[in-house]
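Each chain, written out:
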Amino acid sequence: MFNIGGGEFVVLLILALLIFGPDQLPKAAQQIGRVLRQLRTMANSATSDLKEGLGPEFKDLDVKDLNPKRFVQKHFWEDEESERRPAARLNGKRPPFDDEAT
């Protein structure tokens with residue numbers, strides 16, 4: 001979860017205990033959980049509103065596809081059979097390489 005190891009988690013827990021105190025820590029954790037749930041609900045609502053507003057043509061729209069990097073990868077680097085081409089090749093040819101430039 002978030003690439004946090006056991007030791008890092010213990011350090012974060014001790015910091016939270018020092019900052020909030022033992023009696024306020026459960027209330028703070030409850031409020032943080034509530035905020036995260038609200039954010040997730042808002043994100044899901046925005047996604048569904050976007051899909052609804054775009055119409056039935058975009059019913060299978062994935063929001064991750066709106067990222068420009070993912071868009072380019074999807075539309076220029078994937079074949080018809082959805083196999084990925086090697087990144088070092090363009091139209092079956094290797095791009096020019098200049099040894100003196102690097």
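Rules used throughout
Residues numbered from 1 in each chain as written. Predicted model: local features only at pLDDT ≥ 70, side-chain atom pairs only at ≥ 80, totals over all residues. Heavy atoms only, no water. Helix = DSSP H or I, 4+ residues; strand = E, 2+ residues; numbered from the N terminus. Contact = heavy atoms within 4.5 Å. Areas by Shrake-Rupley, 256 points an atom, 1.4 Å probe, with all protein chains shown as cover. Expected span 1.5 Å × (residues − 1). pLDDT = per-residue confidence, 0-100. Patch = residues over 30% accessible without salt bridge, like charges linked within 9 Å, V, L, I, M, F, W, Y side chains within 5 Å. Salt bridge = Lys/Arg side-chain N within 4 Å of Asp/Glu carboxyl O.

### A look at the overall build of the protein chain
Logical step 1: Looking only at helices and strands, the protein chain has 3 helices and 0 strands in total.
Logical step 2: Starting at the N terminus and walking to the C terminus, you meet the elements of the protein chain as α-α-α.
Logical step 3: Excluding contacts between residues fewer than 6 apart, the proportion of contacts in the protein chain whose partners are at least 24 apart in sequence is 0%.
Logical step 4: For the protein chain, the exposed surface amounts to about 9400 Å²; the carbon and sulfur share of it is 60%.

### A look at helix 1 (residues 6-20)
Logical step 1: If you check helix 1, its first and last C-alpha atoms are 21 Å apart, about what 15 residues at 1.5 Å a residue would give, namely 21 Å.
Logical step 2: G21 lies just past helix 1 and shows a positive phi near 85°.

### Regarding the confidence of the model for the protein chain
Logical step 1: Mean pLDDT over the protein chain works out to 79, with 79% of the residues at or above the 70 mark.
Logical step 2: This model gives residues 80-86 a pLDDT under 50, and the stretch forms 11 contacts once residues within four places in sequence are excluded.

### Quick word on a nonpolar patch on the surface
Logical step 1: Together, I4, F9, V10, V11, L12, L13, I14, L15, L18, I19 and F20 make up an exposed nonpolar region whose accessible area comes to about 1100 Å².
Logical step 2: When you line up the elements, I4 lands in the segment before helix 1.

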